Amino acid sequence: MHFLSATAGLILVNGVSYGLLLFMLSSGLTLIFSMLGVLNFAHASFYMLGAYFAYALSSAIGFWPALIFAPLIVGVFGAAFERGILRRLRSRGALAELLATFGLAYLVVELVQLVWGRGPVDYVVPAAFEGVLVNVMGVAVPAYRLFLMALACAVALLVWVAFRATRAGLVLQAALAQPAMTQALGYNVPALYTGVFACGAALAALAGAAGGNVLVTEPGMAATVGSVVFVVVVVGGLGSLSGAFVASLLIGVLQTWAVTSDASLAPWWPQATQSALLDALAPLSRLTLSQLAPAVPYLLMVAVLLWRPRGLLGVREG
């Protein structure tokens, strides 16, 4: 029983920490879509840039300053991209904006490979957390993983307060609902859009700077998490920060549980069928849940969309 509880505790802690990292990454994408209506395909590239910039800066000025400056640099880069490219394409429709972000994603990958190479870099956990374990639910958890969880919760609270309980947040909501009226009242709506895009890029970079040393910092890291982030946004509901939070935790825990499970699909597979399709798919019954773990987010997305097309807490039709 103690083993089972320890295993469950390990799955829960690892799943929640991974889910919170996904939320820190997907919250910026949710903000950008809420305000600009742009599905930013380069969002995971900002996450990768945050990890690489933090790696480069940490060797020069230390980890903690790098954790601050890396997101700021990426935020400025995001603001320049929105102001110089997306703003010019806005009149041409959402497809032109989407293609621009798609192209930027490829460009960032090529630039990263030119500067840092094609292999992973040695971005390590800061010395203050290295080797430090904390007992949580009978499980020895690395202290840095707990720091990541606390940071993600702080980001979630900060974003919620900034968007819901401040004057700037109220102006942003007004610009979302009535941009022409907000502009007539004297607010610079294009500048608000630039600021939101910069904040979204900075949040993605913060996730990369904080999580790149736990995960692998390499040129394929954007592709690894990019599709999962879009799944989080769709499952939670396009434009819903609270939905992204719930979806991130759900996907994190489910995928972590699937990775650690050795259960087979055979007990649930129909043993005798008259269906040619099921007979042809019979080899799938030999798969285990751990082998299907990479598909868990996408299976969850299909299930949620069949049940609730707008997502769990969707506030926008798409």
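The model shown is predicted, which means the values in this text are computed figures rather than measured ones.

Calculation rules
- Residues numbered from 1 in each chain as written.
- Predicted model: local features only at pLDDT ≥ 70, side-chain atom pairs only at ≥ 80, totals over all residues.
- Heavy atoms only, no water.
- UniProt positions renumbered as here; feature names shortened; annotations may be inferred.
- Helix = DSSP H or I, 4+ residues; strand = E, 2+ residues; numbered from the N terminus.
- Salt bridge = Lys/Arg side-chain N within 4 Å of Asp/Glu carboxyl O.
- Buried < 20%, exposed > 50% of the residue type's maximum accessible area, 1.4 Å probe, protein only.
- 1 Å grid on protein atoms, 1.4 Å probe; cavity = no way out; pocket = protein on both sides within 12 Å on 5 of 7 lines; lining within 4 Å.
- Points joined across faces, edges and corners; volume = space filled by probe spheres on them.
- Nonpolar A, V, L, I, M, F, W, Y, C, P; charged D, E, K, R; others polar.

Under the present numbering, the feature "transmembrane region" (unreviewed entry) in UniProt falls on residues 6–25, 32–55, 61–81, 93–116, 143–163, 195–216, 228–254 and 287–307. Taken as a whole, residues 61–81 contains 95% helix and 0% strand, while its terminal C-alpha atoms sit 27 Å from one another.

With that settled, consider the pattern of salt bridges. In this structure the tally under the stated criterion is three salt bridges. The partner of E82 in a salt bridge is R87, with the nearest N and O atoms 3.9 Å apart. With a relative accessible area of 27%, R87 lands in the partly exposed category. R90 is paired through a salt bridge with E82; the nearest N and O atoms lie 2.8 Å apart. For E82, a relative accessible area of 0% puts it in the buried group. Beyond isolated ion pairs, a larger network of salt bridges with shared partners links E82, R87, R90 and E97.

What the largest pocket holds in volume is close to 410 Å³. Around the largest pocket sit 18 residues that line it, and L31, V159, A162, C199 and L203 are the ones nearest its centre. Of all elements in the fold, only helix 1 (2–36), helix 5 (143–164), helix 6 (167–177) and helix 8 (189–211) reach the threshold of two or more residues within the lining of the largest pocket. Residue composition of the lining of the largest pocket, by class: 16 nonpolar, two polar and no charged.

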